[in-house]
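# Working through the structure, step by step
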Amino acid sequence: MHDLLIRNALLLDGLGSPTARGDLAVAGGRILAVGKADGAAKQTIDADGLALMPGIIDNHTHYDAQITWDPWVSPSPALGVTTAVIGNCGFTIAPCRPADRERVMRNLTQVEGMSLDALRAGIRWDFQTVPQYLDMLERRGAAVNIAAFVGHSSVRTYVMGDAATERAADDAEIEAMRNIVLEGVRAGAIGFATSTSPAHNGADGRAMPSRAADEAELAALVGTLREHGRGVFMLTKGGHTTMEFLERLAAESGRPVVVAALLHNSTQPDGVFADLRAIARANERGRRLAGAVSCCPLAMDFTLHSPYTFESLEAWRPVLALKGSDHQQRLADPAFRAAVRAEIARPGHFRLFNGEWDKVQVVESRRRQLEGRTIAELAAEAGSDPLDCMLDLALAENLDTVFSALLLNSDEKAVARLLADPHALVSLSDAGAHLTFFNDAGYGLHLLGHWSRELGALTLEQAAWRLTGQPAALYGIKARGALVAGYHADLLLFDPRTVERTANRRVFDLPSGASRLTCGAIGVHGVWVNGQCIADAKGMRAREPLPGRLLRDFAA
Ligand SMILES: [Zn+2]
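Residues numbered from 1 in each chain as written. Predicted model: local features only at pLDDT ≥ 70, side-chain atom pairs only at ≥ 80, totals over all residues. Heavy atoms only, no water.

### Some words on the overall build of the protein chain
Secondary structure summary: the protein chain contains 19 helices and 24 strands in total. Radius of gyration (C-alpha) of the protein chain: 23 Å, near the 24 Å computed for a compact globule of 556 residues. For the protein chain, the spread of C-alpha atoms along the three principal axes comes to 75 × 60 × 50 Å. Classification of the 556 residues of the protein chain by burial places 62% in the buried group. (Helix = DSSP H or I, 4+ residues; strand = E, 2+ residues; numbered from the N terminus. Rg over C-alpha atoms; globule rule 2.2 N^0.38 Å. Buried < 20%, exposed > 50% of the residue type's maximum accessible area, 1.4 Å probe, protein only.)

### Concerning the coordination of the zinc ion
Within the first shell, the zinc ion binds the protein through His-60 (NE2), His-62 (NE2), Cys-89 (SG) and Asp-430 (OD), at distances of 2.1 to 2.7 Å. Angles of 77 to 173° at the metal separate the 4 donor atoms of the zinc ion, which places the site in the irregular class. Donor residues for the zinc ion, ordered by position in the chain, follow H-x1-H-x26-C-x340-D. With His-60 in the loop between strand S6 (56-58) and helix H1 (66-69) and Asp-430 in the loop between strand S16 (424-426) and helix H17 (443-454), this residue pair connects regions lying 370 residues apart in the sequence. For the residue pair His-60 and Asp-430, the accessibility class agrees, reading buried in each case. (Donors = N, O, S within 2.8 Å, 3.2 Å for Na, K, Ca; no water. Tetrahedral: all angles 85-135°; square planar, octahedral: opposite > 155°, others 65-115°.)

### Re the pattern of salt bridges
In the structure shown here, the tally under the stated rule is 35 salt bridges. Ionic pairing is found between Glu-138 and Arg-552, a salt bridge with its closest N-O pair at 3.2 Å. Taken together, the positions of Glu-138 in helix H4 (residues 130-140) and Arg-552 in the segment after strand S24 (539-540) put the pair 414 residues apart, joining distant regions of the chain. Given the relative accessible area of 26%, Arg-552 is considered partly exposed. Taken together, the shared-partner salt bridges connect Arg-337, Arg-341, Asp-385, Asp-388 and Asp-392 into one network. (Salt bridge = Lys/Arg side-chain N within 4 Å of Asp/Glu carboxyl O.)

### So, the environment of Ala-420
Assignment of secondary structure puts Ala-420 in helix H16 (residues 412-420). On the basis of relative accessibility, which here comes to 53%, the residue Ala-420 falls in the exposed class. A C-alpha to C-alpha distance of 9.3 Å links Ala-420 and Gln-462, two positions 42 residues apart in sequence.

### Section: the nonpolar core
In this structure, Met-53, Ile-93, Tyr-133, Ile-146, Phe-233, Leu-246 and Leu-448 are the most contacted members of the largest nonpolar core, which totals 112 residues. Once you skip the residues sitting within four places of it in the chain, Met-53 turns out to touch Leu-12, Leu-448, Ala-464, Leu-467, Thr-468, Leu-483, Asp-490, Leu-491, Leu-492 and Phe-494. Core analysis: the next-biggest nonpolar cluster, separate from the first, contains 59 residues, Met-234, Leu-298, Leu-352 and Ala-472 among them. (Core = buried A, V, L, I, M, F, W, Y, C linked by side-chain atoms within 4.5 Å. Contact = heavy atoms within 4.5 Å.)

### Concerning the sheet that holds S16
Spatially, S6-S7-S8-S9-S10-S11-S12-S16 is the arrangement adopted by the 8 strands of the open sheet, whose pairing is parallel. Every interior strand has two partners, whereas the edge strands, S6 and S16, have only one. Pairwise comparison of adjacent strand axes, ignoring direction, gives a mean angle of 25° for this sheet. Note that strand S11 (residues 257-262) and strand S12 (residues 289-293) share 4 bridges and pair parallel. Within S12, the residue paired with Val-259 across the bridge is Gly-291. (Pairing = 2+ DSSP bridges. Axes fitted to C-alpha atoms, helices over the stretch in contact; angles between N-to-C directions.)

### A word on the environment of Leu-550
As for its position among the elements, Leu-550 is in the segment after S24. Leu-550 gets classed as buried once you look at its relative accessible area, which sits at 11%. Separated by 362 residues in sequence, Leu-550 and Gly-188 place their C-alpha atoms 8.8 Å apart. Setting aside its immediate chain neighbours within four residues, Leu-550 contacts Leu-134, Leu-137, Glu-138 and Ile-146.

### Some details on the packing of aromatic side chains
According to the stated counting rule, one finds 10 aromatic pairs in the structure shown. Joined through ring pairs, the aromatic side chains of Phe-302, Phe-310, Trp-316, Phe-336, Phe-353, Trp-357 and Phe-403 make up one cluster. We note Arg-97 situated over the ring of Tyr-158; from NZ or CZ to the ring centre the distance is 4.0 Å. Sitting above the plane of the Phe-273 ring, Arg-417 keeps its charged end 3.6 Å from the centroid. (Phe/Tyr/Trp six-rings, centres within 6.5 Å; stacked < 30°, edge-to-face > 60°. Lys NZ or Arg CZ within 6 Å of the ring centre and 35° of its normal.)

Structure below.
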């Protein structure tokens, strides 16, 4: 007898094949039959034309810390995600010595917008090495399957201590790091992740450790993947990291390279397409490179207490470590403002904010009449400069004014082109991070609803492949990401006529009561991980034991 029989569904196999009406049977956590399935089942669902696809593989999350107190990795399961890759950009919490915990948490607070109080109250530190962290994940379980990167910044801090943020590594340090990365991938990490992006600053405004690495160090560490014969190298790329260098790493290691974050910038409209052309040429030469793109506009809520939006600017750096009145004085300083204005006026690569003041809005102010107005409008009315206008407003309200900026990826024609690129990987949900700034954990539902149904930018079959079969193949995730007999039963049942994510709302449910943005699903009827239902039309279903597995065995 089957455990589950879903009848009369619109089957999207995750490989891009044309949809077909049919049934799917599950037994022992695996797909038993697809197309025609007979026999009795403990549970039978008449899908009545709903669509059934493999569960979404979210390849860019930051659940490394959250998963230690919330194995449900909320809100991803209710949004159709059945596998999450953690440790992106190299911002992991392992390896970590007890003496470095505070430093690692303070870095995460800054770089990924996580509440320090939540991290202090929440993280369960019963590990030090990467293998111990993986064992802990396996022992505790999770609602979805998890695959974890070895993270460069943590490895660097482990080996170099304070110097990790300050200088290049010497040969002995590189050798020690190599051993840790190799130990991690041999224990079952999915690859190695790093960042060279100027947007990534840690505690007190210091560059995240990986940004201090030189090319020799990166080449040595990525070289471990050649030795291991498996694994993916992912990086969030700064402007000075060239595509030629990344292609060389792909060639030397023989492993796939995922290049993030290819977000469209309206003030530099060809930038991402030039990167994708370079990636296409590398693929023609036999390398495996993919460009991580997003199907969501990058919008961020911020206050001037810690405006992630501006913190990647060189001219903003002196402010990052300041507190209280020193901080406010500097924000009022004409010389500081002049430096920020001058930098924004220069062309920049992968910069979050590019002077589009018409896309910066007041969201919450003591002067309610300002809410909903843009900084461009308010500055024009007052005859003032927009930067002065924003900073003066914030300073008058003790920096509590909430702004929202539509930063990147808001040109739908351009984003449609990104989503159609054969070497693009739909990615960058950043689930588990930037919790108060934005939340794109529902990116998969947005791809299916907005981009496929509403705009027709890609067919439903292509959208399903982008979310499942494509990442499974690139990351070497075995027997998942497709509706194939014998594969694990990771499934998403949804209504293609309504599927979408809801708008974000703010909740205060983090350890210590800190807030985050969250959203729900529209049109999702069921989510199964290894054959167990974890969410239905009413949202997440609490259920023990947790069905997700730690994935440790990847294809060569
Ligand atoms: Zn990230």
